[in-house]
Amino acid sequence: MPPLTQNQLDTYEYKLKKRGFKRDDLFLHECPDCTQKAVLTYAILGRSGGRDIRLCTECGVSRSFRSGAGMEGRTEDPDFDLDAFLR
């Protein structure tokens, strides 16, 4: 996939914020797919658990991890599609 445009990134951030997600930290992390330091992390936490979403701005790959109460036992959501999730 090509790098995300600023417009795409702004749209994703707006929709994630609207659903209650916040940037987990301000650092860029390394992408396991393209090995660039370009991954943004967004997180949401509730009583029953939480979710964090990792989005690479270079290759456009997104991953999601779910966790139980207390953010314990994180598991990756293998069929996660960010566009479908944000509809």
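What you are looking at is a predicted structure, and each value in this text was computed from that prediction instead of being measured.

Quick look at the overall build of the protein chain
In step 1: A tally of regular secondary structure across the protein chain gives two helices and six strands.
In step 2: Put simply, the protein chain runs from its N terminus to its C terminus through helices and strands in the order α-β-β-β-β-β-β-α.
In step 3: Against the compact-globule benchmark of 12 Å for 87 residues, the protein chain has a radius of gyration of 13 Å, which places it among compact chains.
In step 4: Each of the three principal axes of the protein chain carries a C-alpha extent, and together these read 35 × 25 × 25 Å.
In step 5: Counting only residues that meet the buried cut, the protein chain has 33% of its 87 residues in that class.
In step 6: As displayed, the protein chain has an accessible area near 5,900 Å², and 50% of this comes from carbon and sulfur atoms.
In step 7: Both charge centroids of the protein chain, one from 14 positive and one from 14 negative side chains, sit 7 Å from each other.

Quick word on the side chain of S62
In step 1: Along the chain, S62 falls in strand 5 (residues 62-67).
In step 2: By relative accessible area, S62 is classed as buried at 18%.

Focus on the environment of C34
In step 1: Mapped onto the fold, C34 is located in the loop between strand 2 (29-30) and strand 3 (37-46).
In step 2: C34 has contacts with C56, E58 and C59, leaving out every residue within four places of it along the chain.

Notes on helix 1 (residues 6-18)
Every α-helical turn comprises 3.6 residues, leaving residues that sit three or four positions apart pointing alike.
In step 1: Taking 1.5 Å of rise per residue, 13 residues should cover 18 Å, and helix 1 covers 18 Å from first to last C-alpha, within 8% of that figure.
In step 2: Among the residues making up helix 1, those that are buried are L9, Y12 and L16. Buried residues along helix 1 cover an arc of 65 degrees about the axis, so they all sit on one side. For helix 1, the exposed residues set more than 90 degrees away from the buried face come down to Q6, N7, Y14, K17 and K18.
In step 3: Just past helix 1, the residue G20 takes up positive phi, approximately 100 degrees.

Definitions and limits used
- Residues numbered from 1 in each chain as written.
- Predicted model: local features only at pLDDT ≥ 70, side-chain atom pairs only at ≥ 80, totals over all residues.
- Heavy atoms only, no water.
- Helix = DSSP H or I, 4+ residues; strand = E, 2+ residues; numbered from the N terminus.
- Rg over C-alpha atoms; globule rule 2.2 N^0.38 Å.
- Buried < 20%, exposed > 50% of the residue type's maximum accessible area, 1.4 Å probe, protein only.
- Areas by Shrake-Rupley, 256 points an atom, 1.4 Å probe, with all protein chains shown as cover.
- Lys, Arg positive; Asp, Glu negative; His and termini not counted.
- Charge placed at Lys NZ, Arg CZ, Asp CG, Glu CD.
- Contact = heavy atoms within 4.5 Å.
- Expected span 1.5 Å × (residues − 1).
- Arc of directions from axis to C-beta.

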